Amino acid sequence: MVLKTKLTEMLGIEHPIICGGMQYVGYAEMASAVSNAGGLGIITGLTQPSPEDLRKEIRRCRSMTSKPFGVNLTILPALIPADYDAYALVIAEEQVTMVEVAGGSPKKYIELWHRAGVKVLHKSATMRHALKAQSAGVDLIEVVGYEASIAGGQPGDEVGSWVMLAKACQTLKVPVIASGASGTGRQLAAALAMGAQGITMATRFLATVEAPIRDEIKQHMASDVADERSTTVVMSQLGNATRVFKNTVSLTMNEILSGDDPEFSAVMKYAAGTRTKAMWQETGAYDDAMWSCGQSVGLIHDVPTCKVLVERIVGEAEQNLKVGAAAVHSKL
């Protein structure tokens, strides 16, 4: 049995599971492993230092998989001064299957990408963003609940996936993808039953054999020490709420920002991407950096290969969908 949805048909993938973009994690190794497992792997565009480096990474990924994969482009010019036009052009020229856009509006680039045959997914943390993305002409909308490793949240945006997904499926006309602390087949089944066409996972894919991060981090995430209470939201005082792993660094940031007139400069050294990159790739010191993490960390108990994880999730979803279907009886 397979789960056939508008997502699998649109992208030509086997299973309705996308790996979300992850800074300094979404390299060709990660993307190809997810795609080879039947999902859609994602290269994180701005992890590459230049558009031409992104082109090389896309081509390297093609040498590792013959299956569809995509690229994440997070548009945050105020925080990340990058040549977004050039990155967008490389995505089009390399004709990847899909681009996952987070942060700003993809409107400027949609025609370019569509001419190249690239499907456009917008990662929307609120319904107002989702409706704007739909109006801009995106092909898919990924709705993100507050329990996810959200970034850029504003006061009043603290809405969980249970409500966000129900409202999105009720309101939007384009296919909806559920994103928000997903890590099990039960959640995939629930998302499909609610009207979504698939799920996006990021935190869960960190704890896989192929994830290009230090094993100390993976083992800590899979241990009994880490659970669904092991995250916290930082920088909400700055109107840029971000869910991260709860550790010495994130707790220190919240303490500093709790004072009068909080400023980013006071916590900049803790939030630095270079610090997080060193943790992922060099030290494995999960207590010494700010790193995105959804509440799905409480659902992680092992470190499987991507193939084992994806097949397990799909199998569990199939079983739960059958259980749900069995509850429907004719009145006759």
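Residues numbered from 1 in each chain as written. Predicted model: local features only at pLDDT ≥ 70, side-chain atom pairs only at ≥ 80, totals over all residues. Heavy atoms only, no water.

K.L.:
What am I meant to see in the overall build of the chain here?
P.N.:
In terms of helices and strands, the chain carries 14 helices and 11 strands. For a compact globule of 332 residues, the expected C-alpha radius of gyration is about 20 Å, and the chain comes in at 19 Å, within 12% of that figure. Structurally, the chain occupies a C-alpha span of about 65 × 45 × 35 Å along its principal axes. Element-wise, carbon and sulfur atoms account for 53% of the exposed surface of the chain, whose accessible area totals about 14600 Å². Positive and negative charge centroids in the chain, built from 31 and 34 side chains respectively, lie 6 Å apart. (Helix = DSSP H or I, 4+ residues; strand = E, 2+ residues; numbered from the N terminus. Rg over C-alpha atoms; globule rule 2.2 N^0.38 Å. Areas by Shrake-Rupley, 256 points an atom, 1.4 Å probe, with all protein chains shown as cover. Lys, Arg positive; Asp, Glu negative; His and termini not counted. Charge placed at Lys NZ, Arg CZ, Asp CG, Glu CD.)

K.L.:
What should I look at first to understand the environment of Gly41 in this one?
P.N.:
Secondary-structure assignment places Gly41 in strand S2 (residues 41-44). Assessed through its relative accessible area of 0%, Gly41 is described here as buried. In contact with Gly41, not counting residues within four places along its chain, are Cys19, Ala31, Val34, Ser35, Pro68, Phe69 and Gly70. (Buried < 20%, exposed > 50% of the residue type's maximum accessible area, 1.4 Å probe, protein only. Contact = heavy atoms within 4.5 Å.)

K.L.:
Would you explain the side chain of Asp139 in this entry?
P.N.:
By the element assignment, Asp139 lies in the loop between helix H6 (127-136) and strand S6 (140-144). An unpaired buried charge is present at Asp139: no salt bridge exists, and Lys119, the closest side chain of opposite charge, is 4.5 Å distant. Side chain to side chain, Asp139 and His114 meet in a polar contact 2.7 Å long. Every residue in contact with Asp139, bar those within four places of it in the chain, is listed here: Met10, His114, Val118, Lys119, Val120, Val174 and Pro175. (Salt bridge = Lys/Arg side-chain N within 4 Å of Asp/Glu carboxyl O. Polar contact = N/O pair within 3.5 Å; in protein donor to acceptor, adjacent residues only side chain to side chain.)

K.L.:
Sorry, what's going on with the nonpolar core here?
P.N.:
Of all hydrophobic cores here, the largest spans 82 residues; its most connected members are Trp113 and Phe205. Apart from residues no more than four positions distant in its own chain, Phe205 is found in contact with Ile17, Ile18, Cys19, Met22, Met30, Val34, Ala211, Cys306, Leu309 and Val310. (Core = buried A, V, L, I, M, F, W, Y, C linked by side-chain atoms within 4.5 Å.)

K.L.:
It is not clear to me how helix H14 (residues 306-326) should be interpreted in this structure. Could you clarify?
P.N.:
In an α-helix there are 3.6 residues to a turn, and that puts residues three or four apart on one side. Between the first and last C-alpha of H14 there are 30 Å, a value that for 21 residues agrees with the 30 Å anticipated at 1.5 Å per step. Among all positions of H14, only Cys306, Leu309, Val310, Ile313, Val314, Ala317 and Glu318 are buried. The arc that holds every buried residue of H14, seen down its axis, measures 165°, which confines them to one face. Turned more than 90 degrees off the buried face of H14, the exposed positions are Gln319, Lys322 and Val323. In this fold, the buried residues of H14 make contact with strand S1 (17-19), helix H2 (28-36), helix H8 (185-194), strand S9 (199-201) and helix H9 (203-206). (Expected span 1.5 Å × (residues − 1). Arc of directions from axis to C-beta.)

K.L.:
What is the right way to read a nonpolar patch on the surface from this model?
P.N.:
Nonpolar side chains collect at one region of the surface, where Leu76, Leu79 and Ile80 lie side by side and expose about 240 Å² of accessible area between them. As for its position among the elements, Ile80 is in the loop between strand S3 (69-75) and helix H4 (84-94). (Patch = residues over 30% accessible without salt bridge, like charges linked within 9 Å, V, L, I, M, F, W, Y side chains within 5 Å.)

K.L.:
Explain the pattern of salt bridges to me, please; I cannot follow it from the model alone.
P.N.:
Side-chain pairs of opposite charge can arise where the charged atoms are in close proximity. Under the counting rule described, the total for this entry stands at 18 salt bridges. A salt bridge links Glu94 to Arg55; the shortest N-O distance between them is 3.0 Å. Taken together, the residues span a long stretch of sequence, with Glu94 in helix H4 and Arg55 in helix H3 (residues 51-62) at a distance of 39 residues. Note on Glu94: relative accessible area 7%, which makes it buried. According to the relative accessible area criterion, Arg55 is buried, its value standing at 13%. For the salt bridge of Arg60 with Glu57, the shortest nitrogen-to-oxygen distance reads 2.8 Å. Residue Arg60 and its partner Glu57 are located together in helix H3, separated by three residues, close to a single helical turn. Taken together, the shared-partner salt bridges connect Glu52, Arg55, Arg59, Arg62, Glu93 and Glu94 into one network.

K.L.:
Is there a simple way to think about the packing of aromatic side chains in this case?
P.N.:
To describe a pair of aromatic rings, one takes the distance between the centres and the angle between the planes. Applying the stated criterion across every chain, the model contains three aromatic pairs. Ring centres 4.5 Å apart and planes at 15° place the aromatic pair Phe245 and Trp291 in the stacked group. Of the two residues, Phe245 is situated in strand S11 (residues 241-245) and Trp291 in the loop between helix H13 (273-283) and H14; the sequence distance between them amounts to 46 residues. Across this residue pair, the class does not change: Phe245 and Trp291 are buried. Their ring planes at 70° and their centres at 5.5 Å tell us that Trp280 and Trp291 sit as a pair that is edge-to-face. Taken as a pair, Trp280 in helix H13 and Trp291 in the loop between H13 and H14 lie far apart in primary sequence, 11 residues in all. On the basis of relative accessibility, which here comes to 4%, the residue Trp280 falls in the buried class. By relative accessible area, Trp291 is classed as buried at 1%. (Phe/Tyr/Trp six-rings, centres within 6.5 Å; stacked < 30°, edge-to-face > 60°.)

K.L.:
Which parts of the structure should I look at to understand the packing of H2 against H3?
P.N.:
Where H2 contacts H3, the axes come no closer than 9 Å and their chain directions differ by 40°. Considering their axes alone, H2 and H3 lie oblique with respect to each other. Seen from above, H2 lies across H3 with right-handed handedness. Each of Ala28, Glu29, Ala31 and Ser32 in H2 lies in contact with H3, whose residues at this interface are Glu57, Arg60 and Cys61. Grouping the constituent residues of the contact of H2 with H3 by class yields three nonpolar, one polar and three charged. (Axes fitted to C-alpha atoms, helices over the stretch in contact; angles between N-to-C directions. Parallel < 35°, antiparallel > 145°, perpendicular 65-115°, else oblique. Left-handed = near helix turned anticlockwise from the far one by under 90°. Nonpolar A, V, L, I, M, F, W, Y, C, P; charged D, E, K, R; others polar.)

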